[in-house]
Amino acid sequence: MFQTGLVLIGVGIAAYAKGQHGIEAALYGGAVALANTLMLVRRIERVGAVVSVSVQRGMALLYISAVLRFVFVLAALATGLGFFKLAPLPLIGTFVGAQAAYILISTRTHDR
Amino acid sequence: MNAEMITMIYAYTAVGVGVILAAAGLGSAIGWGLICSKTLEGIARQPELRPTLMTNMFIFAGLMESFPFIILAFAMWFLFANPFIGAAASAVKAAVGS
């Protein structure tokens, strides 16, 4: 929720600074970050269920998930920057902002 | 700015991106190793806490991976929309103009 809000703020800033191209790039970067988080959350839930049955299978799932997400982010960013030629600064800015927000929120949630 | 200069900038950027990705991979691997070893240590000390420790390990492993993704994003920026070409072109233009 907080991450989505931050993506929308990023889109707003990009729209103000770079116009139409900025909006597209910021939306793309935000969508990649949100998809990445969604994949992570779903995988943690799945691994949590599997690990109670088999720890080795759970760990294998976790490693596969890490590789899949890495490849997904790599391909998505390469496509956005290389193929669609989106503006790099709003794209990277929104992506990094959303990732940093996820780290901050998760750390604070677990501190309590 | 001539073709040779542009080629050199791309070549150096490629090397830089390689170093960046290697560092991100190394950091990620060290992070994974630390998280897993400490979890195993905790389980060995208090086996009854195993479910809690495992769940926390998954969550923090996911968190730890967010840093390499940020580094990856910057590496992709340098690779696919090289900002140094524009900066070099501006510098050359300024030098020629003055």
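Residues numbered from 1 in each chain as written. Chains lettered and ligands numbered in written order. Predicted model: local features only at pLDDT ≥ 70, side-chain atom pairs only at ≥ 80, totals over all residues. Heavy atoms only, no water.

### Re the side chain of E65 of chain B
Looking at where E65 of chain B falls in the secondary structure, it is placed in helix α2 (residues 50-80). Within polar-contact distance, the side chain of E65 of chain B engages the side chain of W32 of chain B at 3.3 Å. E65 of chain B has contacts with A66 and R69 of chain A together with W32 of chain B, leaving out every residue within four places of it along the chain. (Helix = DSSP H or I, 4+ residues; strand = E, 2+ residues; numbered from the N terminus. Polar contact = N/O pair within 3.5 Å; in protein donor to acceptor, adjacent residues only side chain to side chain. Contact = heavy atoms within 4.5 Å.)

### Remarks on the packing of aromatic side chains
Enumeration according to the criterion identifies seven aromatic pairs over all chains in this entry. The interplanar angle of 70° and the centroid separation of 5.2 Å between the aromatic rings of F83 of chain A and F84 of chain A together place this pair among those described as edge-to-face. Looking at F83 of chain A, the relative accessible area reads 65%, which means it is exposed. Between F74 of chain B and W77 of chain B, the aromatic rings sit 6.2 Å apart at their centres with planes inclined by 45°, giving tilted as the arrangement. Taken together, the positions of F74 of chain B and W77 of chain B, both in helix α2 and three residues apart, correspond to about one turn of that helix. A network of ring pairs unites the aromatic residues F74, W77, F78 and F84 of chain B as a single cluster. (Phe/Tyr/Trp six-rings, centres within 6.5 Å; stacked < 30°, edge-to-face > 60°. Buried < 20%, exposed > 50% of the residue type's maximum accessible area, 1.4 Å probe, protein only.)

### Here we look at the UniProt feature "transmembrane region" (unreviewed entry) in chain B
All names here are of chain B. Per the UniProt record, the feature "transmembrane region" (unreviewed entry) sits at residues 12-36 and 57-80. In this annotation, residues 12-36 is assigned 100% helix and 0% strand; the end-to-end C-alpha distance for the span is 36 Å. Annotated as residues 57-80, this span is 100% helix and 0% strand, and its ends, taken at the C-alpha atoms, are 35 Å apart. (UniProt positions renumbered as here; feature names shortened; annotations may be inferred.)

### A closer look at the interface of chain B and chain A
With 23 residues of chain B at the interface, the matching set in chain A holds 31 residues. Taking both partners together, chain B and chain A bury about 2500 Å²; carbon and sulfur atoms supply 85% of that area. It is F58, L63 and F69 of chain B in chain B that bury the most area against chain A; as a group they hold 26% of the surface buried on that side. Between E65 of chain B and R69 of chain A there is a salt bridge, and its shortest N-O distance comes to 2.1 Å. Along the contact surface separating chain B from chain A lie two residue pairs in polar contact (both at pLDDT 80 or more). (Buried area = accessible area lost by both parts, 1.4 Å probe. Salt bridge = Lys/Arg side-chain N within 4 Å of Asp/Glu carboxyl O.)

### What about the nonpolar core?
In terms of nonpolar packing, the biggest core is built from 29 residues, with L91, I92 and F95 of chain A touching the most fellow members. Looking at this core, the elements that each hand over two or more residues are α1 (2-18), α2 (20-51), α3 (55-83) and α4 (88-111) of chain A together with α2 of chain B. Apart from the residues lying within four places of it in its own chain, the contact partners of I92 of chain A are L81 of chain A together with A73, F74 and W77 of chain B. (Core = buried A, V, L, I, M, F, W, Y, C linked by side-chain atoms within 4.5 Å.)

### A closer look at the confidence of the model for chain B
Residues and elements named next belong to chain B. Averaged over chain B, the pLDDT score is 88; the fraction of residues at 70 or greater is 99%. Ranking the elements of chain B by mean pLDDT puts α2 last with 85 and helix α1 (residues 3-45) first with 91. Quick note on the complex model: pTM equals 0.79, ipTM equals 0.75. (pLDDT = per-residue confidence, 0-100.)

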